[in-house]
Amino acid sequence: MGSCCSADDTGVVHHQPDYRPPPAPQNTYPPPNPYPQPDPQPDPIPSPQSLYPPPISSPGLIHPPASSDDTGYKWVHMSAGMPVPESAVVGGMDIDGATIYVGRALHDGDMLPAKVIPEKNVAYVCHGGHEIAKHVFEVLTKSDFHWVFASSGHIPPNAVIAGQTQDGEPLYVGRAMHEGSQTIGKVQQSHGCLYIPFDGQEISHRDYEVLVMH
């Protein structure tokens with residue numbers, strides 16, 4: 001395109017430059033994101049299960065030592081209806097005159113001291129506020145034991161450990177008189193008492209006896 005000319009009143013010719021329209025703006029919609037984009041998601045962290053082999057399954061709670069070689073006494077496995085060994089340790093007497101033997105049984109992961117009553121073909125443990133019947137249990141044998149008075153969680157030397165809680169706290173063989181029955185139970189030192197199973201309940205006693213080896 002050529003230039004345009006014009007003259008004013010004085011006759012001076014003025015040259016006007018060619019008209020060039022400004023370039024059309026480029027289409028910038030949508031506008032660029034003013035925020036930086038996050039990096040791609042990293043690989044997920046592997047779970048511990050994928051890093052380590054699965055644990056070896058355990059057949060159950062490991063019982064405390066029970067052989068006569070390392071403790072001087074042993075526990076005899078029994079089930080309801082079986083006669084108790086002649087050397088079974090007598091722990092007390094029920095309100096109807098039935099003999100109660102010292103035993104233990106597994107319940108809910110805890111190995112608990114139990115009162116074994118052969119005349120009724122059952123053993124009882126206490127747990128979670130209740131008296132619980134057990135038909136598979138163990139009976140303590142040999143007779144070189146005696147009972148020592150204690151209270152408030154005290155445990156005398158050489159006390160017999162019958163079991164333990166899931167947390168590993170030892171449970172000792174104890175007994176107490178309750179409503180005319182001399183009943184076997186568990187002494188739990190952290191609770192400061194003896195618990196006995198009686199009449200469907202778990203009952204605590206601050207004063208009790210503990211079974212001790214000579």
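Calculation notes
- Position labels on residues start from 1 in each chain and follow its written sequence.
- At least 70 in pLDDT is required for a residue's local features to be given in this predicted model, at least 80 for side-chain atom pairs to be given and counted, and no such filter applies to totals for whole chains, interfaces and linings, which use all residues.
- Side-chain metrics in this entry use all non-hydrogen atoms of the structure; hydrogen atoms and water are not considered.
- Working definition: helices are DSSP H or I runs of at least four residues, strands are E runs of at least two. Numbering for both runs from the N terminus.
- Remark: exposure states derive from per-residue accessible area (1.4 Å probe, protein chains only) relative to the maximum for the residue type, with buried under 20%, exposed over 50%, and partly exposed in between.
- Any two residues whose heavy atoms approach within 4.5 Å are treated as being in contact.
- Using a 1.4 Å probe, accessible areas were evaluated by the Shrake-Rupley method; residue-level cover was limited to the displayed protein chains.
- In this analysis, the protein atoms alone were mapped onto a 1 Å grid. Cavities are point sets where a 1.4 Å probe fits without being able to get out; pockets are open sets with protein on both sides within 12 Å along at least five of seven lines; lining residues have an atom within 4 Å of a point.
- Grid points are joined across faces, edges and corners, and a volume is the space filled by probe spheres set on the points.
- We call Asp, Glu, Lys and Arg charged. Ala, Val, Leu, Ile, Met, Phe, Trp, Tyr, Cys and Pro are nonpolar, and the rest, Gly among them, are polar.
- Take the buried residues of types Ala, Val, Leu, Ile, Met, Phe, Trp, Tyr and Cys, join any two whose side-chain atoms come within 4.5 Å, and each joined set is a nonpolar core.
- Note on definitions: salt bridges are taken to be side-chain nitrogens of Lys or Arg within 4 Å of carboxyl oxygens of Asp or Glu.
- Note on terminology: disulfide denotes any pair of cysteine sulfur atoms within 2.5 Å.
- Residue-level confidence of the predictor, termed pLDDT, takes values from 0 up to 100.
- Under this definition, polar contacts are N or O atom pairs within 3.5 Å; protein pairs additionally need one hydrogen-donor-capable and one acceptor-capable atom, and for neighbouring residues in sequence, both atoms have to be side-chain atoms.
- When DSSP finds two or more bridges between two strands, those strands count as paired.

**A look at the overall build of the chain**
Right, so step 1: Helix and strand content of the chain: two helices and 16 strands.
Right, so step 2: Each of the 214 residues in the chain was classed as buried or not, and the buried ones make up 38%.
Right, so step 3: Excluding contacts between residues fewer than 6 apart, the proportion of contacts in the chain whose partners are at least 24 apart in sequence is 54%.
Right, so step 4: Total accessible area on the chain stands at roughly 13600 Å², and carbon and sulfur atoms take up 56% of it.

**Remarks on empty space enclosed by the protein**
Right, so step 1: Enumeration over the complete set of coordinates arrives at one cavity of 30 Å³ or more.
Right, so step 2: By volume, the largest cavity is sized at about 40 Å³.
Right, so step 3: As for the largest cavity, its lining consists of M78, S79, A80, G81, M82, V84, V116, P118, N121, V122 and F137.
Right, so step 4: Class assignment for the residues of the lining of the largest cavity results in eight nonpolar, three polar and no charged.

**Here we look at the nonpolar core**
Right, so step 1: Counting 16 residues, the largest nonpolar core has W75, V102, L140, F145, V160, V173 and L211 as the members making the most contacts within it.
Right, so step 2: Broken down by secondary-structure element, the contributors of at least two residues to this core are strand 5 (99–107), strand 10 (145–151) and strand 16 (207–213).

**A word on the pattern of salt bridges**
Right, so step 1: All chains considered together, the criterion is met by six salt bridges.
Right, so step 2: When the shortest N-O distance is used, the salt bridge between D94 and K120 registers 2.6 Å. Placement of the pair is D94 in the loop between strand 4 (90–93) and strand 5 and K120 in the loop between strand 6 (110–117) and strand 7 (122–127), with a sequence separation of 26 residues.
Right, so step 3: Overall, K120 belongs to the partly exposed group, its relative accessible area being 35%.

**Considering the state of the cysteines**
Right, so step 1: A full pass over the atoms with the stated rule returns zero disulfides.
Right, so step 2: Considering cysteine sulfurs only, C193 is the nearest to C126, which forms no disulfide, with 9.2 Å between them.

**Thoughts on the confidence of the model for the chain**
Right, so step 1: Of the residues in the chain, 66% reach a pLDDT of 70 or more, and the chain-wide mean stands at 79.
Right, so step 2: When mean pLDDT is compared element by element in the chain, strand 14 (residues 193–198) scores highest at 98, while helix 1 (residues 48–51) scores lowest at 33.

**A few points about the layout of surface pockets**
Take a probe with the size of a water molecule and roll it over the atoms, and the empty space left behind shows itself.
Right, so step 1: Empty space within the largest pocket amounts to approximately 160 Å³.
Right, so step 2: Lining the largest pocket, in full, are D110, H127, G128, T165, D167, E169, L171, K186, Q188, H191, Y195 and E202.
Right, so step 3: When grouped by side-chain class, the residues that make up the lining of the largest pocket number two nonpolar, five polar and five charged.

**A look at the side chain of R104**
Right, so step 1: If you trace the backbone, R104 turns up in strand 5.
Right, so step 2: Given the relative accessible area of 1%, R104 is considered buried.
Right, so step 3: In terms of polar contacts, R104 uses its side chain to reach the side chain of E138, at 2.5 Å.

**Things to note about the pairing of strand 7**
Right, so step 1: Within strand 7, five of the six residues are buried, which leaves the element mostly enclosed by the surrounding structure.
Right, so step 2: Two strands pair when backbone bridges link them, and strand 6 and strand 7 are joined in this way by three bridges, in the antiparallel orientation. Within strand 7, the position partnered with K115 by the bridge is Y124.
Right, so step 3: Between the end of strand 6 and the start of strand 7, which pair antiparallel, lie four residues, with N121 showing a positive phi angle near 55°.
Right, so step 4: Looking at chain direction, strand 7 and strand 8 (residues 130–134) are connected through five bridges and run antiparallel. Residue pairing in the sheet places C126 in a bridge with E131 of strand 8.
Right, so step 5: Connecting the antiparallel pair strand 7 and strand 8 is a turn made up of two residues, with G128 showing a positive phi of about 60°.

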